[in-house]
Amino acid sequence: MFKTIVIIIFSSFFLISCNGKFPGADARKFPADPAKRVEQNLKEGRGFTLNEAFGSGGSGGKFEFASSNPLWRASLDVLDFMPLTSVNYSGGIIITDWYSDVNKPNESIKITIRFLSNEIRSDSLNVKIFSRNCLNSLVNCKIVETDKILVKEINKQILKKAALYEKEDLLKKGKKRKRPE
């Protein structure tokens, strides 16, 4: 019992310390390979510190929320019909569960979206779609990465919706500034 409590406490400190800052990210400046990104971050001195976990080296009242990122919100809205397995804003990834149509229970798809940048550009997202075809319920399944047509379509839908969200946000900010006090 004591060991599980200690593990929970330590894991919560590690999770809290990952504040997910990725300011001004440009997909051209950061390698897509996670191992190379880790290597680059270590060279630049980025990493985990205990001060951030306990709040002493903190953000000073600045908070970054996923709801303020139009690309993130648009991705969740486009994937709204699918059950989600993993959604990690600080890690920049969304993974859906296997989704199948009622009429085709032996065929299902799974979507993974990796965010390479916060900018609304086509190279800011890495969308992968996998299809699973099974012969007998979930036995003898074949999983393959799907064609690029569906990937392009989902990417396009996310970018369209993100551009609309960004435009709405800019209009809201503009209206707030124009109000006389």
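Here goes a summary of the coordinates provided. (Residues numbered from 1 in each chain as written. Predicted model: local features only at pLDDT ≥ 70, side-chain atom pairs only at ≥ 80, totals over all residues. Heavy atoms only, no water.)

Time to look at the overall build of the protein. On a plain count of helices and strands, the protein comes out with 5 helices and 5 strands. Reading the protein from its N end, one meets helices and strands in the order α-α-α-α-β-β-β-β-β-α. Across the 181 residues that make up the protein, the buried fraction comes to 24%. For the protein, the proportion of contacts with a sequence separation of at least 24, taken over those separated by at least 6, is 44%. For the protein, the exposed area adds up to about 13,100 Å²; of that, 58% sits on carbon and sulfur atoms. (Helix = DSSP H or I, 4+ residues; strand = E, 2+ residues; numbered from the N terminus. Buried < 20%, exposed > 50% of the residue type's maximum accessible area, 1.4 Å probe, protein only. Contact = heavy atoms within 4.5 Å. Areas by Shrake-Rupley, 256 points an atom, 1.4 Å probe, with all protein chains shown as cover.)

The subject of this paragraph is the state of the cysteines. A complete count under the given rule lists 1 disulfide for this structure. Each disulfide pairs two cysteine sulfurs, and for Cys-134 the partner residue is Cys-141, the sulfurs being separated by 2.0 Å. Taking the sign of the S-S torsion, about 100° here, the bridge from Cys-134 to Cys-141 comes out right-handed. Using a relative accessible area of 8% as the deciding quantity, one classes Cys-134 as buried. (Disulfide = S-S within 2.5 Å.)

Attention shifts here to the nonpolar core. Taken as a class, soluble globular proteins show a tendency for nonpolar side chains to be buried jointly. Core analysis: the largest hydrophobic core is formed by 19 residues, its most contacted members being Ile-111, Ile-113, Val-127 and Ile-158. Contributions of two or more residues to this core are made by α4 (70-78), β3 (107-115), β4 (125-136) and α5 (148-178). The greatest single-element share of this core, amounting to 6 residues, is contributed by α5. (Core = buried A, V, L, I, M, F, W, Y, C linked by side-chain atoms within 4.5 Å.)

Looking now at the sheet that holds strand β5 (residues 139-145). An order of β1-β2-β3-β4-β5 is seen for the 5 strands of this open sheet, with the pairing classed as antiparallel. Of all the strands in the sheet, just β1 (84-88) and β5 have a single pairing partner and so form its edges. Along the sheet, successive strands turn relative to each other by an average axial angle of 15°, direction set aside. (Pairing = 2+ DSSP bridges. Axes fitted to C-alpha atoms, helices over the stretch in contact; angles between N-to-C directions.)

Turning to the packing of aromatic side chains, a few remarks are in order. Within the structure shown, the criterion is met by 3 aromatic pairs. Ring geometry for Trp-72 versus Tyr-89: centroids 5.1 Å apart, planes at 80°, classification edge-to-face. One end of the pair, Trp-72, is in helix α4; the other, Tyr-89, is in the loop between β1 and β2 (93-96), and 17 residues separate them in sequence. A residue is classified by how much of its surface remains accessible, and Trp-72, at 5% relative accessible area, is buried. Its relative accessible area of 27% is what places Tyr-89 among the partly exposed residues. When the ring of Trp-72 is compared with that of Phe-115, the centres are 4.9 Å apart and the planes differ by 45°; the resulting orientation is tilted. Separated by 43 residues along the polypeptide, Trp-72 in helix α4 and Phe-115 in strand β3 bring together distant segments of the chain. (Phe/Tyr/Trp six-rings, centres within 6.5 Å; stacked < 30°, edge-to-face > 60°.)

Here we come to the environment of Ile-158. Relative to the elements of secondary structure, Ile-158 occurs in helix α5. Taking the C-alpha atoms as reference points, Ile-158 and Arg-73, 85 residues apart in sequence, are found 8.9 Å from one another. Ignoring anything within four residues of it in the chain, the contact list for Ile-158 reads Leu-71, Ala-74, Ser-75, Val-78, Ile-113 and Leu-125.

Attention now moves to the pairing of β1. By the bridge criterion, 4 bridges tie β1 to β2 in an arrangement that is antiparallel. Opposite Asn-88, over in β2, you have Ile-93 as the bridge partner. Between β1 and β2, which pair antiparallel in sequence order, lie 4 residues; one of them, Gly-92, sits at a positive phi of approximately 70°.

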